[in-house]
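# Structural description and commentary
Here are the chains, one letter per residue:
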Amino acid sequence: MSTHQATFVRASMIEAAPAPSRESGIVHWLRTNLFATPKDTALTIISLLVLAWIVPPAIQWLFIDAAWTGGGRGVCATLAQGGSQPDGWSGACWAFVSAKFDQFLFGRYPLEERWRPALVGVLFVLFLVPMLIPKVPYKGLNAVLLLAVLPIIATILLPGGWLGLTFVETPLWGGLMVTLVLSFVGIAVSLPLGILLALGRRSNMPVIKMLCTVFIEIVRGVPLITVLFMASVMLPLFLPQGVTFDKFLRALIGVSLFASAYMAEVVRGGLQAIPKGQYEGADSLGLSYWQKMGLIVLPQALKLVIPGIVNTFIGLFKDTSLVSIIGMFDLLGIVRLNFTDTNWASAVTPLTGLIFAGFVFWLFCFGMSRYSGFMERLLDKSQR
């Protein structure tokens, strides 16, 4: 009996071949994302033409023709306007931003005392960054430092009047310092208070549910500028004679309560998205109400509404500009205040200042948005 050898069976695996050039690389990406269909191709071409029309003049105005150094309005004005630039010149006045940069950071805070807000800012960064990095250990200690120790240090250093420090009135505060203080306090207060309001609105106790609902609907039904105006102008009228408290503190309370009402609705949406089986499973384990919420329901609900939470934070950060209604000067307010300085009065100074303020606001808001996306991907277990 003869044997037949199967010569078609391979003794080793075929080496992996590179992907076709049309299915990888920049050409594939362009064809897939920009030129997939005739409509995509038309929109891409139109977008490129718009960018070609806008970007080169913007770069020319912002950087190439800009005035970077100088000691007064002359560097940002043409000869006909009493300056040193040739007639027909137009460019950004970054010399103005450079000269006023300290005021943009600290407002009218006394020069010799600016080390105090600078120290608070350094501590804020040192405590915040480890909280944002998931792999850094000791998150509990870090949270205590950021949310308990730092506010105490800031309360001592910023206003002063303690431990031999010179007292600095809050009307002298301003710039990015005010924006960050308002935002940090508003965010730190609005999230836990918003969670409590959301739980209260879904409570089975009629009085608690009614109080939370009334608060949320009233606060959400009026603009923030009205809340600030009431806190600054109307509230003292209802206090006993001789009783008052700081205007900046009123702004902090108004901003925090306003943000907490919006945060409550965001969290309530997350709570309603949790399947009923999660509640029933927690009840079957004999967990108390607060154990059920803290260990089972809230972690899932907050994960679902991370975009909404961060969106509220971003809105709060931008809304700090409204404190100008009560005479406080945040970053945008102090920039606009410096437009009245006759030493820097020119046609391009206001636009340059507003572009700088807008860029700073965008930088913080974009950073919060990107971190939100990072946390969503990190916590999205279903995609692993």
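Positions within a chain are numbered from 1, following the residues in the order the chain's sequence is written. Selection of residues for local features in this predicted model requires a pLDDT of at least 70, selection of side-chain atom pairs for listing and counting requires 80 or more, and totals for whole chains, interfaces and linings are taken over all residues. The basis for the side-chain values is all heavy atoms of the structure; hydrogens and waters are excluded.

UniProt positions are given in the numbering used here, feature names are shortened, and annotations may be inferred rather than shown by experiment. Under the UniProt annotation, "transmembrane region" (unreviewed entry) lies at residues 41-64, 115-133, 140-160, 172-199, 211-239, 295-316, 322-339 and 351-371. Only DSSP runs of H or I reaching four residues or more are called helices, and only runs of E reaching two or more are called strands; each is numbered from the N terminus. As annotated, residues 115-133 comprises 95% helix and 0% strand, and the C-alpha atoms at either end are separated by 28 Å. End C-alpha atoms of residues 140-160 are separated by 29 Å, and the span's content is 86% helix alongside 0% strand.

The next thing to look at is the pattern of salt bridges. Two side chains with opposite charge may pair up if their charged atoms get near one another. What counts as a salt bridge is simple: a side-chain nitrogen of Lys or Arg found within 4 Å of a carboxyl oxygen of Asp or Glu. If you walk through the whole model with that rule in mind, you get eight salt bridges. When the shortest N-O distance is used, the salt bridge between Glu 217 and Arg 220 registers 3.4 Å. A residue pair is termed a helical-turn pair when its members lie 3 or 4 positions apart in one helix, as Glu 217 and Arg 220 do in helix 8 (residues 206-220) at three residues. Buried, partly exposed and exposed residues are distinguished by accessible area as a fraction of the type maximum, computed with a 1.4 Å probe on protein chains only: under 20%, between the cut-offs, and over 50%, respectively. For Arg 220, a relative accessible area of 32% translates into the label partly exposed. Several salt bridges share partner residues, and in doing so they unite Arg 201, Glu 217, Arg 220, Glu 265 and Arg 268 into one network.

For Phe, Tyr and Trp, where Trp contributes only its six-membered ring, two rings pair if their centres lie within 6.5 Å, and the inter-plane angle classes them as stacked under 30 degrees, edge-to-face over 60, or tilted in between. Following the criterion strictly, the structure yields 16 aromatic pairs and no others. Seen in terms of ring centroids, Tyr 289 and Trp 290 are 5.1 Å apart; in terms of plane orientation they differ by 80 degrees. Their pairing is edge-to-face. Under the relative-accessibility criterion, Tyr 289 is labelled partly exposed at 36%. Taking the relative accessible area as the measure of exposure, Trp 290 reaches 58% and is therefore exposed. Ring-pair connections join several aromatic residues into one group, and the members of that group are Phe 96, Phe 101, Phe 104, Phe 339, Trp 344 and Phe 356.

Take the nonpolar core next. Counting 32 residues, the largest nonpolar core has Leu 158, Trp 173, Leu 182, Leu 228, Phe 248 and Val 323 as the members making the most contacts within it. Mapped onto this core, the elements with two or more residues apiece are helix 5 (115-132), helix 6 (139-157), helix 7 (176-201), helix 9 (224-234) and helix 10 (247-273). At seven residues, the largest contribution of residues to this core is made by helix 10. Contact partners of Leu 158, with chain neighbours within four places excluded, come to Tyr 109, Arg 116, Pro 117, Val 120, Val 168, Trp 173, Met 177 and Val 181. We call a set of buried Ala, Val, Leu, Ile, Met, Phe, Trp, Tyr and Cys residues a nonpolar core when their side-chain atoms join them within 4.5 Å. Membership of the second largest hydrophobic core comes to 30 residues, among which are Val 75, Ile 314, Ile 334 and Ala 357. Here, residues are in contact when the closest pair of their heavy atoms is within 4.5 Å.

With that settled, consider the state of the cysteines. A pair of sulfur atoms, both from cysteines and within 2.5 Å, is called a disulfide here. The full count for this structure, using the stated rule, is one disulfide. Between the sulfur of Cys 76 and that of Cys 93 lies a disulfide, 1.8 Å long from S to S. Across the S-S bond linking Cys 76 and Cys 93, the dihedral sits near 75 degrees, which makes this disulfide right-handed. Placement of Cys 76 in the loop between helix 2 (38-64) and helix 3 (94-99) and of Cys 93 in the loop between helix 2 and helix 3 is noted, with a sequence separation of 17 residues between them. Cys 93 sits in the buried class, given a relative accessible area of 0%.

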